[in-house]
Amino acid sequence: MSKERARRRAEREALAAREKAAAARRRRRRDALRRLRPTLPRRRRTGSLLARRTRVERAGIAALTVVLVAAAWFLVDPLGLRLVLIVLLVLVLPAVVVIALGRRT
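As the structure is a computational prediction, the values presented were derived from the model and not from experiment.

Undergrad: Explain a nonpolar patch on the surface to me, using residue names and the numbers behind them.
TA: Together, L81, V84, L85, V87, L88, L91, V92 and V96 make up an exposed nonpolar region whose accessible area comes to about 690 Å². Its location among the elements puts L91 in helix α3 (residues 79–101).

Now the structure itself:
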């Protein structure tokens, strides 16, 4: 009876050794593939357009806008030209903000 138990134990140990070797091969293969694959930076979503700018940047954008609108209002005489300048400022401001405060350098 002990010879039979020893034979079964040897079979179990051989099977466990084969499974352990296969798992090690899979782990090495996975690690090698992970090293070869280029890593991309994690993209974090802010969830809001306003959260992309700091509080100081938002305050600066607002202050600059108010100053430019006030300059257009007080320094330009014809009402039509004032309105055109303000509308032009509102249309161009987002592009200027992206160019001036863009994160990609």
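Read on for the rest.
Undergrad: Report on the UniProt feature "transmembrane region" (unreviewed entry) in the protein chain, specifying residues and quantitative values.
TA: Look at the UniProt record and you will see "transmembrane region" (unreviewed entry) annotated at residues 59–76 and 82–102. The span residues 59–76 shows a helical share of 94% and a strand share of 0%, and its end C-alpha atoms are spaced 25 Å apart. As annotated, residues 82–102 comprises 95% helix and 0% strand, and the C-alpha atoms at either end are separated by 29 Å.

Undergrad: Go over helix α2 (residues 55–75), please, and point to the residues and values.
TA: The periodicity of an α-helix, 3.6 residues per turn, causes residues three or four positions apart to be oriented the same way. In this model, α2 (21 residues) spans 30 Å end to end at C-alpha, consistent with the 30 Å of a helix rising 1.5 Å per residue. Among all positions of α2, only E57, T65 and A72 are buried. Down the axis, α2 shows its buried residues gathered within 75° of arc, on one side only. Seen from the buried face of α2, the exposed residues on the opposite side, beyond 90 degrees, are R55, V56, V66, V67, F74 and L75.

Undergrad: Before we move on, could you go through a positive patch on the surface and cite the residues and values that matter?
TA: A cluster of basic residues, R25, R26, R27, R28, R29 and R30, forms a positive patch at the surface. Note that R27 resides in helix α1 (residues 2–36).

Undergrad: Go over the pattern of salt bridges, please, and point to the residues and values.
TA: Taken as a whole and assessed by the stated rule, the structure comprises four salt bridges. A salt bridge links R8 to E4; the nearest nitrogen and oxygen atoms lie 3.5 Å apart. Within this pair, R8 and its partner E4 are both found in helix α1, separated by four residues, close to a single helical turn. R8 sits in the partly exposed class, given a relative accessible area of 38%.

Undergrad: Residue-level account of the environment of R7, with values.
TA: Looking at the element boundaries, R7 is found in helix α1. When its relative accessible area of 41% is taken as the criterion, R7 is described as partly exposed. Reaching out from R7, the side chain makes a polar contact with the side chain of E4 at a distance of 2.3 Å.

Undergrad: Lay out the packing of α2 against α3 in plain terms, naming residues and giving numbers.
TA: When two helices pack together, their arrangement is captured by the angle between the axes and the distance separating the axes. In the contact formed by α2 and α3, the axes pass within 10 Å of each other and the chain directions differ by 155°. By the angle class used here, α2 and α3 are roughly antiparallel. The two elements α2 and α3 meet at a crossing, and its hand is right-handed. Between α2 and α3, the residues in contact are E57, I61, T65, L68, V69, A72 and W73 and L79, R82, L83, L85, I86, L89, L93, V97 and L101, respectively. The class makeup of the residues in the contact of α2 with α3 is 13 nonpolar, one polar and two charged.

Undergrad: So what's going on with the packing of aromatic side chains? Residues and values would help.
TA: According to the stated counting rule, one finds zero aromatic pairs in the structure shown. Directly above the aromatic system of W73 lies the positively charged group of R82, at a separation of 4.7 Å from the ring centroid.

Conventions we followed
- Residues numbered from 1 in each chain as written.
- Predicted model: local features only at pLDDT ≥ 70, side-chain atom pairs only at ≥ 80, totals over all residues.
- Heavy atoms only, no water.
- Patch = residues over 30% accessible without salt bridge, like charges linked within 9 Å, V, L, I, M, F, W, Y side chains within 5 Å.
- Areas by Shrake-Rupley, 256 points an atom, 1.4 Å probe, with all protein chains shown as cover.
- Salt bridge = Lys/Arg side-chain N within 4 Å of Asp/Glu carboxyl O.
- Helix = DSSP H or I, 4+ residues; strand = E, 2+ residues; numbered from the N terminus.
- UniProt positions renumbered as here; feature names shortened; annotations may be inferred.
- Expected span 1.5 Å × (residues − 1).
- Buried < 20%, exposed > 50% of the residue type's maximum accessible area, 1.4 Å probe, protein only.
- Arc of directions from axis to C-beta.
- Lys, Arg positive; Asp, Glu negative; His and termini not counted.
- Charge placed at Lys NZ, Arg CZ, Asp CG, Glu CD.
- Polar contact = N/O pair within 3.5 Å; in protein donor to acceptor, adjacent residues only side chain to side chain.
- Axes fitted to C-alpha atoms, helices over the stretch in contact; angles between N-to-C directions.
- Parallel < 35°, antiparallel > 145°, perpendicular 65-115°, else oblique.
- Left-handed = near helix turned anticlockwise from the far one by under 90°.
- Contact = heavy atoms within 4.5 Å.
- Nonpolar A, V, L, I, M, F, W, Y, C, P; charged D, E, K, R; others polar.
- Phe/Tyr/Trp six-rings, centres within 6.5 Å; stacked < 30°, edge-to-face > 60°.
- Lys NZ or Arg CZ within 6 Å of the ring centre and 35° of its normal.

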